[in-house]
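# Notes for the structure review
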Amino acid sequence: MKKYNVAVVGANGAVGEELLRVLEEVAFPVNRLIPLASIRSVGKQVEYNGEKLDILELTNEVFEEESIEIALFSAGGSVSAKFAPAAVAAGAVVIDNTSHFRMDENVPLVVPEVNPEDIAKWKESGIIANPNCSTIQMVQALKPLDEAYDLVRVDVDTYQATSGAGKSAMEELVNQMQAFFAFKLNEAEHKAFNQQIALNVIPQIDVFTDNGYTKEEMKMVKETTKIMHKEIALSATCVRVPTLRGHAEAVTMTFDSQVDANEAREILKKAPNIVVLDNPDEALYPMPATCIDKNETFVGRIRDDLFSNNMLHMFVVADNLRVGAATNAVRIAQKWIEIEEGV
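Residues numbered from 1 in each chain as written. Predicted model: local features only at pLDDT ≥ 70, side-chain atom pairs only at ≥ 80, totals over all residues. Heavy atoms only, no water.

## Considering the overall build of the protein
The secondary structure content of the protein amounts to nine helices and 14 strands. Here the protein has a C-alpha radius of gyration of 20 Å; the compact-globule value for 343 residues is 20 Å, and the two agree. Here the C-alpha coordinates of the protein stretch approximately 60 × 60 × 40 Å along the principal axes. Every one of the 343 residues in the protein was classed for burial, and the buried ones make up 53%. Nonlocal contacts in the protein, meaning residues at least 24 apart in sequence, comprise 68% of its contacts between residues at least 6 apart. (Helix = DSSP H or I, 4+ residues; strand = E, 2+ residues; numbered from the N terminus. Rg over C-alpha atoms; globule rule 2.2 N^0.38 Å. Buried < 20%, exposed > 50% of the residue type's maximum accessible area, 1.4 Å probe, protein only. Contact = heavy atoms within 4.5 Å.)

Structure representation (structure tokens):
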């Protein structure tokens, strides 16, 4: 198999660090790994395959200078907007973890377990977009049930970990908890969030839009339609909770046909990269602690609705830094290689 020069943009960020770990774990065909970040990070190092690699400055010229073929971006939307075109111009395929290109009609938005065929459209822009973390794990679980029963509506409540807002947000939770145990929580700062996050839940992720939903909630609505290639009525309430890693979702699904929870459970057991944990009698169900450092999406609490025979409920959990970001991006890159090499 051909080996590739791979750049990780934002290599020392929370997602960037996971990208390096996942690339190593899956034995990705890397010829050279080039870690990139802003000039503030030049001089720092990251570890990959047992080696210490110097972080290089992210510039428009570096993609050509380093002969980069695959560029994994995870440094924020404004960075992707500024530098992804230069990477494409230098001949690289860009796999972007930010929201900047997701709804561009010329950019495929991909979850490999759901719509791998869309990767073939990458040449239109040179870019493949990684969906929102909360969308990825949800559609992985929705897809096999949609194929079986024809999904028409989704209502979802998310319980999203602080890592979804970056390293500084995780540190804020830890600092506030330390302040709590020192009886100084009222003195603790909150910068990453507009409210105290320790011992609290915040029913707001991102800014509110005119319709009363937040941008995070509207991302789930729009991205689900684009990924699944069908108009699905979807309502989301996204909540930030005081955990470090692992997003959880309570999902209610309405179908166009009668459904059965036992049958749905068996369907999900056969779905790619889904692990069913569903034995309430033994307190077996998905939790954020279940999924940390795992590359699978965990599903449990699968049950019929009490009043409608065309509705199901389930609880879905995944590591947002992995399944919701790094792992999905690497899986996209693997599928891209398969397409390019005609495997």
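Picking up where we left off.
## Observations concerning the sheet that holds strand 6 (residues 70–73)
Ordered in space as 5-2-1-6-7-8, the six strands form an open sheet in which the pairing is parallel. Strands at the two margins of the open sheet, each flanked by one partner only, are strand 5 (56–57) and strand 8 (127–129). The strands touched by helix 3 (residues 77–89) are strand 1 (4–9), strand 6, strand 7 (93–96) and strand 8; relative to strand 6, the strand with the most contacts, the crossing angle is about 175°. Each of strand 1, strand 6, strand 7 and strand 8 touches helix 9 (residues 322–341); the most contacted strand, strand 7, lies at about 155° to it. (Pairing = 2+ DSSP bridges. Axes fitted to C-alpha atoms, helices over the stretch in contact; angles between N-to-C directions.)

## Overview of the nonpolar core
Ranked by size, the top nonpolar core spans 61 residues in total, and within it Phe63 and Met314 carry the most contacts. Within the second largest apolar cluster, 35 residues are counted, among which are Val22, Leu33, Ala329 and Ile337. (Core = buried A, V, L, I, M, F, W, Y, C linked by side-chain atoms within 4.5 Å.)

## Some thoughts on the packing of helix 4 (residues 133–149) against helix 6 (residues 215–228)
In the contact formed by helix 4 and helix 6, the axes pass within 10 Å of each other and the chain directions differ by 40°. Considering their axes alone, helix 4 and helix 6 lie oblique with respect to each other. Crossing hand, helix 4 versus helix 6: right-handed. In this structure, helix 4 uses Ser134, Thr135, Met138, Val139, Leu142, Lys143 and Asp146 to contact helix 6, whose residues at the interface are Glu216, Lys219, Met220, Glu223, Thr224, Ile227 and Met228. (Parallel < 35°, antiparallel > 145°, perpendicular 65-115°, else oblique. Left-handed = near helix turned anticlockwise from the far one by under 90°.)

## Describing the sheet that holds strand 10 (residues 233–240)
With mixed pairing, the six strands of this open sheet are ordered in space as 10-9-11-14-13-12. What marks the edges here is a single partner per strand, and that holds for strand 10 and strand 12 (274–276). Sheet twist, expressed as the average angle between the axes of neighbouring strands with direction ignored, equals 20°. In terms of strand pairing, strand 11 (residues 247–255) meets strand 14 (residues 311–318) through eight bridges, oriented antiparallel. From the neighbouring strand, glutamate 249 faces strand 14, where its bridge partner is valine 316. Sheet contacts for helix 4: strand 9 (151–160), strand 10, strand 11, strand 12, strand 13 (297–304) and strand 14; angle to strand 11, the most-contacted strand, approximately 30°. Packing of helix 7 (residues 261–269) onto the sheet brings it into contact with strand 12, strand 13 and strand 14, and relative to strand 13 it is tilted by some 165°.

## As for the packing of helix 4 against helix 9
Put simply, helix 4 and helix 9 touch, their axes get as near as 8 Å, and they point 70° apart. In terms of orientation, helix 4 and helix 9 fall into the roughly perpendicular class. Contact with helix 4, carried on its side by Cys133, Ile136 and Gln140, involves Val323, Gly324, Ala325, Asn328 and Arg331 of helix 9 and no other residues of that element.

## Looking at the environment of isoleucine 205
As for its placement among the helices and strands, isoleucine 205 is situated in the loop between helix 5 (167–181) and helix 6. Measuring from C-alpha to C-alpha, the distance between isoleucine 205 and alanine 165 comes to 9.0 Å, with 40 residues separating the pair along the chain. Not counting the four nearest positions on each side in its chain, isoleucine 205 is found in contact with Gln160, Thr214, Lys215, Glu216, Cys238, Val239 and Arg240.

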